[in-house]
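Residue-level listing of the chains:
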Amino acid sequence: MPHFMSPMIRRRPSAEESRSASANQESAQPSIVQSIDFSQPTQPSTEQSAEQSAPSKEQQQIPPDVRVSEGGFRQIRDESLVLLSQGITHRIERSEEGPFQIFVEPEKRRMAQFQIRLYHHENPPRDENPPLPLKLTLHPLWVLAIPIICTLLDFSDISVQMHNSGIADASKILRGEWWRTITAMTLHADSRHLGSNLVSGFLALSLLHYRIPLAKLVPFLAVASAVANFFVALTVQTSFRSLGFSGFVFATIGCLAVIEFRLMPRETHGMLRRFAPLCGAASLAVFLGLGENADILGHFYGFIAGLLCGFIPTKKTLRWGAPTTAADIFGVLAYYALFAVGWALAI
């Protein structure tokens, strides 16, 4: 009889078997997660790194900070406290010239400047330009060496023609002998005349040295004194003769007066107090310039020429001090060269 294969009957799993199978699957899943290695950091894509390294447009368009104040340590310290009290963020830097500076963001500029002006209006500065201590200095000696040497040579009769060739003669100056305006500053009538000019010149040049190195202004003072002698000859237009270093001394006094006037605080109350340096220098010039056989015109023109020389240096240089540099040697050489040329043409 034929043999028939019985069909395979698949049995449906029971509820307990289903639950046990699902439990086995859930228990096996965490093992897969734990097998992932997180020890190596994931490397960002090239596009993401490029976006992070490149600055955004907002960062590129941020304007630089602006300067709202400049001054000494005490001034900047007080102004910084004022800005901090008002919640204005800022930074402090020191410039190459010496003073400190305050910088703020551009949008906070007006508010910062307003607060600083308000503070100074309520608290005007008192010791912005204190008097300088006096001390002995030998710097004026290289300036006074020229009149000392030339006068001693004139007194020793080594060069007989030195006095007549170097004295300032108004008529000869107007005829073209302009070098006499230079050589006349190095000659003196007698020892008393020489001594008075040396003492007054030493004091005036010492005071000027406290503000600025002499090499930066002495060449201009020498030229200004020669121009003053020329204007004396132009005013008199006769055989008027003069000599002496006093024109240079008065030019130094006038220059120093303008420097002190420029350094006077603007907040100083009273017009007379502000112009006190100029008034004092003018009174000193009148006291020293009037006397027997005095060249009044030479003193007057020398003082006026010195006033103009006081505007040559910048106010920042005068206020914070200009250090002596190697370039100042050219000022010394120019001063000596001026008198060397004058005497070379005279003799």
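Residues numbered from 1 in each chain as written. Predicted model: local features only at pLDDT ≥ 70, side-chain atom pairs only at ≥ 80, totals over all residues. Heavy atoms only, no water.

(A) Up close: the nonpolar core. In terms of nonpolar packing, the biggest core is built from 43 residues, with Leu-208, Phe-248 and Tyr-335 touching the most fellow members. Mapped by element, the contributors of at least two residues to this core are helix 6 (141–155), helix 10 (191–209), helix 11 (218–236), helix 12 (246–263), helix 14 (276–289), helix 15 (296–309) and helix 17 (328–346). Sorting elements by how many residues they give to this core places helix 12 first, with 11 residues. Setting aside residues no more than four positions away along its own chain, Leu-208 makes contact with Leu-214, Leu-217, Leu-221, Thr-252, Cys-255, Leu-256 and Ile-259. Counting 8 residues, the second-largest nonpolar core is a separate cluster that includes Ile-76, Leu-83, Ile-102 and Ile-116. (Core = buried A, V, L, I, M, F, W, Y, C linked by side-chain atoms within 4.5 Å. Buried < 20%, exposed > 50% of the residue type's maximum accessible area, 1.4 Å probe, protein only. Helix = DSSP H or I, 4+ residues; strand = E, 2+ residues; numbered from the N terminus. Contact = heavy atoms within 4.5 Å.)

(B) Geometry of the sheet that holds strand 2 (residues 91–94). With antiparallel pairing, 3 strands are arranged side by side in an open sheet as 1-3-2. The sheet terminates laterally at strand 1 (66–71) and strand 2, the two strands that pair on one side only. Shown here is a sheet whose adjacent strand axes are inclined to one another by a mean of 30°, direction ignored. Judged from the 5 bridges that link them, strand 1 and strand 3 (residues 100–104) form a sheet pairing that is antiparallel. Counted as the bridge partner of Gly-71 is Phe-100 from strand 3. On top of the sheet, helix 4 (residues 73–85) reaches strand 1, strand 2 and strand 3; it is set at about 135° to strand 1, its chief contact. Against the sheet, helix 5 (residues 109–122) engages strand 1 and strand 3, with an angle of about 20° to strand 1. (Pairing = 2+ DSSP bridges. Axes fitted to C-alpha atoms, helices over the stretch in contact; angles between N-to-C directions.)

(C) Structural view of unusual backbone geometry. The phi angle at Gln-237 is positive, at roughly 55°, despite the residue not being glycine. For Gln-237, the position within the fold is in the loop between helix 11 and strand 5 (241–242). When its relative accessible area of 51% is taken as the criterion, Gln-237 is described as exposed.

(D) Fine view of the pattern of salt bridges. As enumerated under the stated definition, the model contains 7 salt bridges in all. For Arg-67, the salt bridge goes to Glu-70, with nearest N and O atoms at 3.7 Å. By relative accessible area, Glu-70 is classed as partly exposed at 26%. Among the ionic pairs, Arg-91 bridges to Glu-93, the shortest N-O distance being 2.1 Å. For Arg-91, a relative accessible area of 31% corresponds to the partly exposed category. (Salt bridge = Lys/Arg side-chain N within 4 Å of Asp/Glu carboxyl O.)

(E) Region of the structure containing the packing of helix 4 against helix 5. Following both chains from N to C, one finds helix 4 and helix 5 inclined at 120°, their axes separated by 10 Å at the closest point. Relative to helix 5, the element helix 4 is oriented oblique. Note that helix 4 runs across helix 5; the crossing there is right-handed. Taken together, the residues of helix 5 that come into contact with helix 4 (itself represented by Gln-75, Asp-78, Glu-79, Val-82 and Leu-83) are Ala-112, Gln-115, Ile-116, Tyr-119 and His-120. Taken together, the residues of the contact of helix 4 with helix 5 sort by class into 5 nonpolar, 3 polar and 2 charged. (Parallel < 35°, antiparallel > 145°, perpendicular 65-115°, else oblique. Left-handed = near helix turned anticlockwise from the far one by under 90°. Nonpolar A, V, L, I, M, F, W, Y, C, P; charged D, E, K, R; others polar.)

(F) Quick look at the environment of Gln-161. Residue placement: Gln-161 occurs in the loop between helix 6 and helix 7 (162–166). Residue Gln-161 is classed as exposed on the basis of its relative accessible area, which comes to 51%. Along the chain, Gln-161 and Ala-346 lie 185 residues apart, while their C-alpha atoms are 9.5 Å from each other.

(G) Representation of the environment of Val-66 in the model. Here Val-66 shows up in strand 1. Between the alpha carbons of Val-66 and His-90 there is a distance of 9.8 Å; along the sequence they are 24 residues apart. Every residue in contact with Val-66, bar those within four places of it in the chain, is listed here: Ile-102, Phe-103, Val-104, Glu-105, Pro-106 and Arg-109.

(H) Layout of the environment of Ile-259. The topology assignment puts Ile-259 in helix 12. Here the alpha-carbon distance between Ile-259 and Gly-310, two residues 51 residues apart in the chain, equals 5.5 Å.

(I) Structural detail: the side chain of Asp-154. On the secondary structure map, Asp-154 appears in helix 6. Put simply, Asp-154 is tucked away with no salt bridge, and the nearest opposite charge, on Arg-241, sits 10 Å away. Those residues within four positions of Asp-154 in sequence are excluded, and the remaining contacts are Met-162, His-163, Leu-187 and His-188. (Lys, Arg positive; Asp, Glu negative; His and termini not counted.)

(J) Helix 6, seen in detail. In this model helix 6 runs 20 Å from its N-terminal to its C-terminal C-alpha over 15 residues, within 8% of the 21 Å that 1.5 Å per residue would give. Listing the buried residues of helix 6 in full gives Val-143, Leu-144, Ile-146, Pro-147, Cys-150, Thr-151 and Asp-154. Contacts from the buried residues of helix 6 go to helix 7, helix 10, helix 11, helix 12 and helix 17. In the stretch just after helix 6, Asp-157 is the one whose phi turns positive, near 60°. (Expected span 1.5 Å × (residues − 1).)

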